[in-house]
Amino acid sequence: MHEFLKKQHNTILFLLFSGIIFLFRIWYIRDCNVLAIRNDEYGYWSHAALLTGHDWSDVLSGHMNWYSYGYSLILVPLFWFSHNLHLMYKTAIVFNGIFAVLTFYLCIRCAVLLFPKIERWLLLTASFMVCMYSSYITQGPIAWSETFLYLLVWLLLYLFLCFEQEPDLNRALCLSLCMGGCYITHNRTIGIVTAYIMTVLFLRLTDAIDWKLFAALLLPLTAVLFVNVNIKTYLCMMEGFGLKPKNGMGAQKDHLLSLLTVNGWQNLLRALSGQLWGLMTSSFGLFYWGMLHCAGRILHAFRTKKPGKHTSFYLFTLLSCTGTFLISAISLIDPASITNLKSDTDLTYFIYTRYDECIIGILLLLGFFESAFQRRKLQSVLYTAGEVLFYTAVSIVLYFNLQRIEDTWHYRSFCAAGIGFYRLFSEEFSLRWCIIIGVTVSLALFLLCCLYRMRFQKRYLAAACLMLTVVFIPSGLYSAKIGTINSQLGKVSSGNLDLYGQLKDVVSDRDVYCTLDDTKNYRIAYELQVNLIDTHVYSITLEDLPAQEEGYFICCSSGDLGNFEGDDYYMLTQSRYYAAVVKGDALAEEVSAKTGKELVNLDVLE
């Protein structure tokens, strides 16, 4: 038995870590009965619905903008096998668990190629720590593109390393197609696409690749981008978005134009400082060491004029990170939200790191080994001093901006989940608690990385990985709970799911009109449509209802029940805030026969 464990310890570790990763991605699966109904989620599911013959355009067109369709292709098979949203949603969460395990495998493969001299069990442990990063856990119970995108980006990195190791035509084609797949899954990877093109051009200009490989690296990507424009046009027209500027690069026009002003650059500095501060805090400094690792290898290659083994990979990684951070910051410098700081400002604009999470994983991996294997003491001291100065600078910038905000409760935790641990100590956003916890864990990490040179060698590094994992788990789960699970449970406690269920039992092929309530809450229409998958739901105002017609259902705010004119409106069911109404005497009789209960006329309720 001992010999077996000794020989198979890496396999056992892989299976153990894979099981834990999968478990924490589906941790809340019992509570995931319904979409959290963020616009992103509805956008992805609506594409999948259209591709399987369902028309959700009347709800979508008036209140939403464009969302990429790459993740929607994963959801399409769910519509083939079931129209039970609860089962479909749970299956999508299980997919997230599978994607996470595959990400873990790719992370290990990248680690083996980058650090071939380090023992395999330590690479496994470090890769496990990376895949348990708190923001990764937070995205697990949400059926949107994030977890799938993480997998694609890791696949992209692995394919790049494979191509770098042995450049050939097949690997070049696979790499180019994977880059296209990342882009059609989320357009925010435009920063990575730009980095990819710049790296390929650099390789050609330095004669590292010939024209044949150059074409293989770019032509498939170009074809994907061209086809994507046509598919996007088709989906925009079919789903009623139209080709509005908001659905294309024109959406960022005002943001880019604002960079022509001093105020625009101030906003960019705020957004970048907040992102960098958030990433430094949530990764306990590994983000810094990862960037340092890439920059150091590139500078060494330029200084010696001898490219190292993975110089092009580090160049691609550094450019990808820089591009992603800039794209994320530029998209957030909305003057109305980040300039008027004395109003009810969304703190997420300052600490938004969700778009950066797709590329942060490789920095965690590189950063851990960079901080652990610093050989020169003087260099290590200088780099650590640089880390302290950098963190102090971004903290000061963020502090003085947050001091101007009066309402510090408005914060979307699932978009900056890595620093979610502060909520364990403070109801409102607390810069102080974030810094205290971040610095404390960073010091513990630093000590463990220093101790590895002593008696127990690599065991201290394994302890450092496990320490980070233990810190990541509660903050990741807590952010998931307050950001997603509580939202889903709120739909259950409010009785909305029961309302949708009763409508679904009797709606048949009838139309359902969802009227806008006083708060213009369009999400009730989204929820209604995804729960009534085969029903045509119309989002409409109360005044625009076809009052002269009959034989349809209405979902409206409970406060609007007294505003219906006519004597053929009947109450079907009611939740805490909404009601389902039957329009027409004949339909009311039909529904009454189906349900076995007599429907009450709204005139009687009045």
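Residues numbered from 1 in each chain as written. Predicted model: local features only at pLDDT ≥ 70, side-chain atom pairs only at ≥ 80, totals over all residues. Heavy atoms only, no water.

### Brief notes about the pattern of salt bridges
Counted according to the given criterion, the structure contains eight salt bridges. Where Arg354 meets Asp40, a salt bridge forms, and the shortest distance between an N and an O atom there is 3.1 Å. Residue Arg354 is found in the loop between helix H17 (348–351) and helix H18 (357–372), and its partner Asp40 is found in helix H2 (residues 39–51); the two are separated by 314 residues along the sequence. An identical accessibility class is assigned to Arg354 and Asp40; each is buried. (Salt bridge = Lys/Arg side-chain N within 4 Å of Asp/Glu carboxyl O. Helix = DSSP H or I, 4+ residues; strand = E, 2+ residues; numbered from the N terminus. Buried < 20%, exposed > 50% of the residue type's maximum accessible area, 1.4 Å probe, protein only.)

### Structural notes on the sheet that holds strand E1 (residues 512–515)
Spatially, six strands are ordered E2-E1-E3-E5-E4-E6 in an open sheet, and the strand pairing comes out mixed. Sheet topology places strand E2 (537–540) and strand E6 (600–601) at the edges, where each strand pairs with a single neighbour. Examined bridge by bridge, strand E3 (residues 552–557) and strand E5 (residues 578–583) share six bridges and lie antiparallel to one another. Looking at E5, one finds that Cys555 is bridged to Ala580. Against the sheet, helix H24 (residues 585–595) makes contact with E3, strand E4 (569–574) and E5, and its axis sits at roughly 115° relative to E5, the strand it touches most. (Pairing = 2+ DSSP bridges. Contact = heavy atoms within 4.5 Å. Axes fitted to C-alpha atoms, helices over the stretch in contact; angles between N-to-C directions.)

### Examining helix H10 (residues 190–205)
Across its 16 residues, H10 extends 22 Å between first and last C-alpha, which sits within 8% of the 22 Å expected from 1.5 Å per residue. Looking at H10, one finds that the buried residues are Gly191, Ile192, Val193, Ala195, Tyr196, Thr199, Val200, Leu203 and Arg204. Packing partners of the buried residues in H10 comprise helix H8 (146–165), helix H9 (169–185), helix H11 (211–238), helix H15 (311–331) and H18. Directly after H10, the chain includes Asp207, whose backbone phi takes a positive value near 60°. (Expected span 1.5 Å × (residues − 1).)

### Considerations on unusual backbone geometry
Residues other than glycine seldom take positive phi values, yet Asp207 does so here, at roughly 60°. Note on placement: Asp207 falls in the loop between H10 and H11. Overall, the relative accessible area of 59% leaves Asp207 in the exposed class.

### Some points on a nonpolar patch on the surface
Taken together, the side chains of Ile197, Leu201 and Leu205 make up a nonpolar region of the molecular surface, amounting to roughly 280 Å² of accessible area. Accessibility expressed as a relative area gives 72% for Leu205, which makes it exposed. (Patch = residues over 30% accessible without salt bridge, like charges linked within 9 Å, V, L, I, M, F, W, Y side chains within 5 Å. Areas by Shrake-Rupley, 256 points an atom, 1.4 Å probe, with all protein chains shown as cover.)

### Side note on the pairing of E4
Within E4, five of the six residues are buried, which leaves it mostly tucked inside the rest of the structure. Bridge count for E4 against E5 is five bridges, and the pairing is antiparallel. Within the sheet, the bridge partner assigned to Gln574 lies in E5 and is Ala579. Between E4 and E5, which pair antiparallel in sequence order, lie three residues.

### So, the packing of helix H13 (residues 262–283) against helix H19 (residues 377–402)
It is at 9 Å that the axes of H13 and H19 come closest, and there the two elements cross at 125°. As summarised for this structure, H13 and H19 are arranged oblique, according to the angle between their axes. Judged by the twist between their axes, the crossing of H13 over H19 is left-handed. From H13, Arg270, Ser273, Gly274, Leu276, Trp277, Met280 and Thr281 reach across to H19, where they touch Glu387, Phe390, Tyr391, Val394, Ser395, Val397, Leu398 and Asn401. A breakdown of the residues in the contact of H13 with H19 according to their chemical character gives eight nonpolar, five polar and two charged. (Parallel < 35°, antiparallel > 145°, perpendicular 65-115°, else oblique. Left-handed = near helix turned anticlockwise from the far one by under 90°. Nonpolar A, V, L, I, M, F, W, Y, C, P; charged D, E, K, R; others polar.)

### Quick word on the nonpolar core
Membership of the largest hydrophobic core comes to 182 residues, with the highest contact counts inside it found for Trp45, Trp154, Trp277, Ile362, Phe368, Phe429 and Phe553. Among the elements that take part in this core, helix H5 (residues 85–114) stands out by supplying 16 residues, more than any other. Here Phe368 is in contact with Ala126, Met129, Leu286, Leu445, Cys449, Leu461, Ala464 and Cys465, once residues within four sequence places are set aside. Core analysis: the second largest hydrophobic core is formed by 14 residues, Leu542, Leu545, Tyr569 and Met571 among them. (Core = buried A, V, L, I, M, F, W, Y, C linked by side-chain atoms within 4.5 Å.)

### Topic: the side chain of Gln139
Its place among the elements puts Gln139 in the loop between helix H7 (134–138) and H8. When sequence neighbours within four positions are dropped, the list of residues in contact with Gln139 reads Asn96, Trp144, Glu146, Thr147, Tyr150, Arg354 and Phe414.

### Observations concerning the environment of Val94
Here Val94 lies in helix H5. Along the backbone, Val94 and Ala143 are 49 residues apart, and their C-alpha atoms lie at a distance of 9.7 Å.

### Things to note about the packing of aromatic side chains
For the coordinates displayed, the defined rule picks out 38 aromatic pairs. Judged by centre distance (6.1 Å) and plane angle (20°), the ring pair of Phe284 and Phe421 falls under stacked. Remark: Phe421 occurs in the loop between H19 and helix H20 (431–451) and Phe284 occurs in the loop between H13 and helix H14 (286–304); sequence separation between them is 137 residues. Owing to a relative accessible area of 3%, Phe284 belongs among the buried residues under this scheme. When the ring of Phe287 is compared with that of Phe325, the centres are 5.6 Å apart and the planes differ by 65°; the resulting orientation is edge-to-face. Of this pair, Phe287 sits in helix H14 while Phe325 sits in helix H15; the two residues are 38 residues apart in sequence, bridging distant segments of the chain. Linked through ring pairs, Tyr42, Trp45, Trp56, Phe79, Tyr89 and Tyr526 together constitute an aromatic cluster. The side chain of Arg204 reaches across the aromatic face of Trp211, ending 4.5 Å from its centre. Sitting above the plane of the Tyr569 ring, Lys583 keeps its charged end 5.2 Å from the centroid. (Phe/Tyr/Trp six-rings, centres within 6.5 Å; stacked < 30°, edge-to-face > 60°. Lys NZ or Arg CZ within 6 Å of the ring centre and 35° of its normal.)

### Examining a negative patch on the surface
On the surface, a cluster of negative charge is made up of Glu550, Asp567, Asp585, Glu589 and Asp603. Note that Glu550 resides in the loop between E2 and E3. (Lys, Arg positive; Asp, Glu negative; His and termini not counted. Charge placed at Lys NZ, Arg CZ, Asp CG, Glu CD.)

### Comments concerning the packing of H10 against H15
Their axes nearest at 7 Å, the elements H10 and H15 cross at an angle of 145°. Between H10 and H15 the crossing geometry is right-handed. Between H10 and H15, the contacting residues are Ile190, Gly191, Ile192, Ala195, Tyr196, Met198, Thr199, Phe202 and Leu203 on the first element and Ser312, Leu315, Phe316, Leu319, Ser320, Gly323, Thr324 and Ile327 on the second. Taken together, the residues that form the contact of H10 with H15 break down as 11 nonpolar, six polar and no charged.

### Regarding the environment of Leu477
Looking at the secondary structure, you find Leu477 in helix H21 (residues 458–493). Along the backbone, Leu477 and Trp27 are 450 residues apart, and their C-alpha atoms lie at a distance of 8.2 Å. Setting aside residues up to four positions removed in sequence, Leu477 forms contacts with Phe24, Trp27, Tyr28 and Ile137.

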